[in-house]
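One-letter residues, chain by chain:
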Amino acid sequence: FRSKQWYQRRVRACSLTLVCAPHLARSYHHLFPLASFVETSANELIDDSMVCEGCDGIFTDQTHVYRCDSCNSYFCYTCDMFIHDMLHHCPGCESRPPVR
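These figures come from a predicted structure and were not determined experimentally.

### Points about unusual backbone geometry
- For Asp 56, which is not a glycine, the phi torsion comes out positive at approximately 60°.
- Secondary-structure assignment places Asp 56 in the loop between strand E1 (38-41) and strand E2 (64-67).
- With a relative accessible area of 58%, Asp 56 lands in the exposed category.
- Despite not being glycine, His 88 shows a phi value in the positive range, around 65°.

Dropping the structure here:
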């Protein structure tokens with residue numbers, strides 16, 4: 001299997017480098033980054049959402065809380081950083097069934 005040679009191929013007509021499907025899949029999150037979550041304070045939360053959806057940690061009055069605009073899930077700072085730096089997908093959005 002000559003994968004390294006394949007990565008280095010260029011189209012002669014336009015000089016673009018060819019990209020294989022696995023390479024494109026690994027770089028997908030760079031093409032469509034996850035939107036930033038909205039920072040709110042724990043004082044503004046309803047009683048039902050006093051727990052981080054990522055780690056089940058309880059929010060205190062001084063905790064900075066981050067909300068996903070798409071699914072309205074709340075996350076602590078640590079989970080927000082992990083979601084944006086490593087997962088590149090909101091777990092709240094991914095765990096909800098698609099709306100039809």
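### Here's the deal with the packing of aromatic side chains
- Using the criterion set out here, one finds two aromatic pairs in the structure.
- Ring centres of Tyr 66 and Tyr 77 lie 6.2 Å apart, and the angle between their planes is 50°; this geometry places the pair in the tilted category. Linking Tyr 66 in strand E2 with Tyr 77 in helix H4 (residues 77-87), this pair joins segments that are 11 residues apart in sequence.
- What makes Tyr 66 buried here is its relative accessible area of 11%.

Cut-offs applied
Residues numbered from 1 in each chain as written. Predicted model: local features only at pLDDT ≥ 70, side-chain atom pairs only at ≥ 80, totals over all residues. Heavy atoms only, no water. Helix = DSSP H or I, 4+ residues; strand = E, 2+ residues; numbered from the N terminus. Buried < 20%, exposed > 50% of the residue type's maximum accessible area, 1.4 Å probe, protein only. Phe/Tyr/Trp six-rings, centres within 6.5 Å; stacked < 30°, edge-to-face > 60°.

Keep in mind these values describe shape, not function.
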